[in-house]
Each structure stands twice: as C-alpha cells, then as structure tokens.
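These are the residues of each chain, in order.
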Amino acid sequence: MLKETLLRAIESGARVLKEYFGGRFEISSKDTLNNLVTEVDKRSEQVIIDSIRQYYPDHFILSEEAGEIPGSPEFKWIIDPIDGTVNYAHGVPICAVSIGLEKNGEIILGAVCNPFSEELFFAQKGFGASLNDKRIEVSPLENLDRALLVTGFPYSWENVSNDPVKTFERFVRKGIPVRRLGSAALDLCWVACGRFDGFWEFNLQAWDSAAGMLVVREAGGMVTDFSGNAYSPYQRELLASNGKIHNQMLKALLEN
Ligand code: IPD
Ligand code: CA
Ligand code: CA
C-alpha cells in the first residue's frame, strides 16, 4: 500500500507538470534571484500531499515549498514537487518529481519521475531499482579517466571551503567530460541507470536527494559524503558513483 500510494502521488504531481509546461504561470524568486518557485511547484506539491493524505493522514511530511507538516514520526514523506524548477520555468524538459519515504530514519522507497521523457525511476530498499519497471544497474566502468560525470551548483555560495567551480575545473582540466543537467534527482537516477558514472554536488537538501540516493544504492552504486562516509539526505556533501570509480572521485574531490 505504501508503494501504491507513492506511485499514485508521483503520477499526480507529474500530471500537473505536464499540464502547465510551456504555458503561462507565476514565477517568483526565493532566497536568491534565480532560486525560483512557480505556481506549478505549489500545485504539484498540493496534489502530491493530498494524494498521500488520503491514505496516510497522520504521516510526517517534509516538502520543499510547504516545509514540515508534523505527523507521526515513524514515516516521513520527503517531497520535491519539481526538481529542476529553473529548467521548468524556462521550458527545458529536464526536471522531475521526486518522492522518498523514510521509515524510522531510513529511506525505504524512492521514486523520481520525468514526465517529459516518460521515465519513472523507482527503488525499494533491498529489492533493487527500476526504470519503467525494468531493472537497472550502474555502469561497469573502472577508470575515472574514461568516465562521464555530472554535477550541480548551489544557487549561491559564499564562505564555503570547497569552491564548487574549482572542483568542477579540476575534473575538466583532467579532460573528463562533466555535464550539468539542473536536476539533482535526475543526476542521481542517471548514475543509477549507467548513463553517468558519477555525480557530486555540495549543498543539496533532503528533498533533492532522498529518493535518488536509494535508486543509486539499489542499482548497485555508492553514495557518500566527500570523506567517503555513508550519505544521509540531511547532510550537504553528496558523491554518488558506480562504486568502482568512487575512490578515484573522492581523491580528485579532495585535491587542492
Ligand atoms: C535544484 C536542482 C539543481 C541543483 C540545486 C537544487 P530545485 O533543485 O536539483 O540541479 O543544482 O542545488 O536546488 O530548486 O530545482 O528543486
Ligand atoms: Ca530540488
Ligand atoms: Ca524543487
């Protein structure tokens, strides 16, 4: 029932993204000029929350725009109603709805849906990961020099010791191709299905990574912080990879 509720909720959000895409909707800035929220984020969020509440009215909800909606602490739904809002607002169809479900502090279910490419990534702890119901696995690549990587940048950064542009530059100077899609949830899922070999980003929020993190792990990949410790969605540093190039990426991330 939890899985069905998750899938129903993500489909309802995804329908809202499709309905408004390319049309007119309100856009406003949040803490920085280009950290956007649109009317569609809020509508998507509302249908997702309503959909979950229909079956589990007392579960805790953490959602990007609505914040924390307190409930029984055993289950927590972690929602990003549009991951990739800047892309969405500009009519770029690289964005997704992301929902993770935490049980007693552990993510047990995750789904990420890009309605424009009609791709639904799903993972259940201990049961593997899938893309449109087909089992997925991370890439078998062993050598960082041949990798295709992806990263993302925070909307702004001041006073951070690990400058995201310098880190990006280090990989690029090594001649390694690095992409920037603009949706952390999709970045993670694209590592999970082997399109990318590795992804790192600094300053993500729980709603960006909760579902995608599980998808990567269940596809056989590894997700840690920049020191190699197991990642939790409540921390800022995220490195995800196919596992085989993880140590090479950690080394490159920490170089100065
Ligand atoms: C953003 C995207 C982007 C990442 C940002 C996130 P949003 O989420 O995941 O790829 O670089 O750090 O905030 O704002 O579109 O939900
Ligand atoms: Ca996000
Ligand atoms: Ca968002």
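Counting restarts for each chain, with residues numbered from 1 along the sequence as it is written. Chains and ligands are labelled sequentially in the order written, the chains with letters from A and the ligands with numbers from 1. Confidence filtering applies because this is a predicted model: local features only for residues at pLDDT of at least 70, side-chain atom pairs given and counted only at 80 or more, and all residues used for totals across whole chains, interfaces and linings. Side-chain figures throughout are based on the complete set of non-hydrogen atoms in the structure, without hydrogens or water.

(A) Molecular detail of the coordination of the calcium ion (ligand 2). Each metal's donors are the N, O and S atoms found within 2.8 Å of it, except that Na, K and Ca use a 3.2 Å limit; water is left out, so coordination can look incomplete. Around the calcium ion (ligand 2), the donor atoms from the protein are Asp80 (OD), Asp83 (OD) and Asp208 (OD), and they sit 2.1 to 2.2 Å away. Written as a sequence motif, the donor arrangement for the calcium ion (ligand 2) is D-x2-D-x124-D.

(B) Layout of the pattern of salt bridges. We define a salt bridge as a contact between a side-chain nitrogen of Lys or Arg and a carboxyl oxygen of Asp or Glu at a distance within 4 Å. For the coordinates displayed, the defined rule picks out nine salt bridges. For Glu119, the salt bridge identified is with Arg195, shortest N-O distance 2.6 Å. Separated by 76 residues along the polypeptide, Glu119 in strand 8 (residues 119–124) and Arg195 in the loop between helix 5 (184–192) and strand 13 (198–202) bring together distant segments of the chain. Classification of Glu119 as buried rests on a relative accessible area of 14%. Classification of residues uses two cut-offs on accessible area relative to the type maximum, computed with a 1.4 Å probe and protein chains only: under 20% is buried, over 50% is exposed, and between them is partly exposed. Judged by relative accessible area, Arg195 falls into the partly exposed class, the value being 32%. Put simply, Arg173 and Glu169 hold a salt bridge, and the shortest N to O gap is 2.7 Å. One end of the pair is Arg173 and the other is Glu169, both in helix 4 (residues 164–173) and four residues apart, which spans about a single turn. On the basis of relative accessibility, which here comes to 34%, the residue Glu169 falls in the partly exposed class. Residues joined by salt bridges that share partners form a network here, namely Lys30, Glu64 and Glu65. Only DSSP runs of H or I reaching four residues or more are called helices, and only runs of E reaching two or more are called strands; each is numbered from the N terminus.

(C) Geometry of the site of ligand 1. Taken together, 16 residues lie near ligand 1, and Asp83, Gly84, Thr85, Tyr155 and Glu201 sit nearest. For this analysis, a polar contact is any N or O atom pair within 3.5 Å, provided that within protein one partner can donate a hydrogen and the other can accept it, and provided that sequence-adjacent residues contribute only side-chain to side-chain pairs. With respect to ligand 1, the side chain of Glu64 contributes an N or O atom lying 3.2 Å from an oxygen atom. In the model, an oxygen atom of ligand 1 is placed 3.4 Å from a nitrogen or oxygen of the Phe153 main chain. Surface accessibility follows the Shrake-Rupley procedure with a 1.4 Å probe radius. Residue values consider only the protein chains on display as shielding. Surface burial for ligand 1 is 94%, taken as the share of its 380 Å² of free accessible area covered by protein chains. Ranked by the residues each element gives to the shell around ligand 1, the list is headed by strand 5 (residues 72–83), at three residues. For the shell around ligand 1, the class distribution of residues is five nonpolar, five polar and six charged. Any residue with a heavy atom lying within 4 Å of a molecule or strand is counted as near it. Under the scheme applied here, ten amino acids are nonpolar (Ala, Val, Leu, Ile, Met, Phe, Trp, Tyr, Cys and Pro), four are charged (Asp, Glu, Lys and Arg), and all others, including Gly, are polar.

(D) Structural detail: the side chain of Ser139. You can see Ser139 is positioned in the loop between strand 10 (134–135) and strand 11 (149–151). Within the local environment of Ser139, its side chain forms a polar contact with the side chain of Asp197, the two groups lying 2.6 Å apart. Whether two residues are in contact is decided by their heavy atoms, any of which lying within 4.5 Å being enough. Every residue in contact with Ser139, bar those within four places of it in the chain, is listed here: Gly194, Asp197 and Asn242.

(E) Structural view of the coordination of the calcium ion (ligand 3). Protein coordination at the calcium ion (ligand 3): the donors are Glu64 (OE), Asp80 (OD) and Ile82 (O), at 2.2 to 2.3 Å from the metal. Going along the chain, you hit the donors of the calcium ion (ligand 3) in the pattern E-x15-D-x1-I. Distance-wise, the calcium ion (ligand 2) is placed 3.7 Å from the calcium ion (ligand 3), both being coordinated by Asp80. Of the two residues, Asp80 and Ile82, neither departs from the other in class, the shared state being buried.

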